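Residues per chain, in single letters:
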Amino acid sequence: MIIKSLEQLEILSIKIAKKISNSDCILLYGEIGSGKTTFSRYLINFIQEKNNIKKTEVLSPTFNLLYEYKINSLKVMHYDLYRLKKSAEIKQLDIFDVRAKTVKIIEWPELITHNIIDKIELRFSHMQNMNERNLSFKGYGKWKDFQIDEF
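Residues numbered from 1 in each chain as written. Predicted model: local features only at pLDDT ≥ 70, side-chain atom pairs only at ≥ 80, totals over all residues. Heavy atoms only, no water.

> Teacher, can you tell me more about the packing of aromatic side chains here?
How two aromatic rings sit relative to each other is given by the distance of their centres and the angle of their planes. If you walk through the whole model with that rule in mind, you get 4 aromatic pairs. For the pair Phe137 and Phe146, a centre-to-centre distance of 6.2 Å together with 70° between the ring planes defines the contact as edge-to-face. Given a relative accessible area of 12%, Phe146 falls into the buried group. Members of the aromatic cluster, connected to one another through ring pairs, are Phe137, Trp143 and Phe146. For Lys119, the ring lying beneath its charged end belongs to Tyr140, and the centroid distance is 4.6 Å. (Phe/Tyr/Trp six-rings, centres within 6.5 Å; stacked < 30°, edge-to-face > 60°. Buried < 20%, exposed > 50% of the residue type's maximum accessible area, 1.4 Å probe, protein only. Lys NZ or Arg CZ within 6 Å of the ring centre and 35° of its normal.)

Written as structure tokens, this is what we have:
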């Protein structure tokens, strides 16, 4: 699928946000600047707006590794694992604590070895036109049959 504008990326994030629930995991793959954090921002801001909460600034957690967003009964954990070099470092973050009922958005998840049941993987890549992105996705568990219509 080709994403031709920020508006299309926002529509995509809203479609996913409407289906999201505690314990879901969104894995975002792609080069630097391909749209992972922008997608996350649209998704988190939509959930905030839907819950009558003021939209907050959603930044890339590259240096902090994690930003948390409490949105009424929903807790969103936005991770960026770019700086991690070993799987052991991911275990130290305790991302997959089964007691924690959270939505996990994870940028740069390549080192994750944990078996995640309800997840959707989105893969962003640059195109020759700098304003466009190629996007592919695959769902597992409850996301298995999730479809995104062309724009």
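From this point on, the discussion continues.
> Can you help me understand the pairing of strand β2 (residues 25-30) in this one?
Looking along a regular strand, one sees side chains alternate from face to face of the sheet. In terms of residue burial, β2 counts as a mostly covered element, since 6 of its 6 residues are buried. Judged by which residues are buried, β2 turns out to be covered on both faces: Cys25, Leu27 and Tyr29 on one side and Ile26, Leu28 and Gly30 on the other are all buried. For β2 and strand β5 (residues 103-107), the ladder comprises 4 bridges, and the chain directions are parallel. From the neighbouring strand, Leu27 faces β5, where its bridge partner is Ile106. Summarising the sheet, β2 and strand β6 (residues 119-126) pair through 6 bridges and their orientation is parallel. Directly across from Leu28, in β6, lies its bridge partner Leu122. (Helix = DSSP H or I, 4+ residues; strand = E, 2+ residues; numbered from the N terminus. Pairing = 2+ DSSP bridges.)

> Got a minute to help me understand the packing of helix α1 (residues 6-17) against helix α2 (residues 36-50) in this structure?
To describe two helices that pack against each other, one gives the angle between their axes and the distance between the axes. The contact between α1 and α2 brings their axes to 8 Å, and the two run at 55°. Between α1 and α2, the crossing angle belongs to the class labelled oblique. Once α1 is placed against α2, the crossing between them reads as right-handed. Contact residues: α1 offers Leu6, Leu9, Glu10, Leu12, Ser13, Ile14, Ile16 and Ala17, while α2 offers Thr38, Phe39, Tyr42, Leu43, Phe46 and Ile47. Each residue belonging to the contact of α1 with α2 can be placed in one class, and the counts come to 11 nonpolar, 2 polar and 1 charged. (Axes fitted to C-alpha atoms, helices over the stretch in contact; angles between N-to-C directions. Parallel < 35°, antiparallel > 145°, perpendicular 65-115°, else oblique. Left-handed = near helix turned anticlockwise from the far one by under 90°. Contact = heavy atoms within 4.5 Å. Nonpolar A, V, L, I, M, F, W, Y, C, P; charged D, E, K, R; others polar.)

> Explain the side chain of Asp80 here, please?
For Asp80, the position within the fold is in strand β4 (residues 74-80). Side-chain polar atoms of Asp80 contact the side chain of Thr62, separated by 2.8 Å. The contact partners of Asp80, leaving out residues within four places of it in the chain, are Ser60, Pro61, Thr62, Leu65, Glu107 and Trp108. (Polar contact = N/O pair within 3.5 Å; in protein donor to acceptor, adjacent residues only side chain to side chain.)

> What am I meant to see in the sheet that holds strand β7 (residues 133-140) here?
Each strand in a sheet pairs with another by means of backbone hydrogen bonds, the pair being arranged parallel or else antiparallel. Within the open sheet, the 7 strands sit side by side as β1-β7-β6-β2-β5-β4-β3. Their pairing is mixed. Sheet topology places β1 (2-3) and β3 (66-71) at the edges, where each strand pairs with a single neighbour. Summarising the sheet, β4 and β5 pair through 5 bridges and their orientation is parallel. Within the sheet, the bridge partner assigned to Tyr79 lies in β5 and is Ile106. Running over the sheet, α2 touches β2, β3, β4, β5 and β6 and is turned about 155° from β2.

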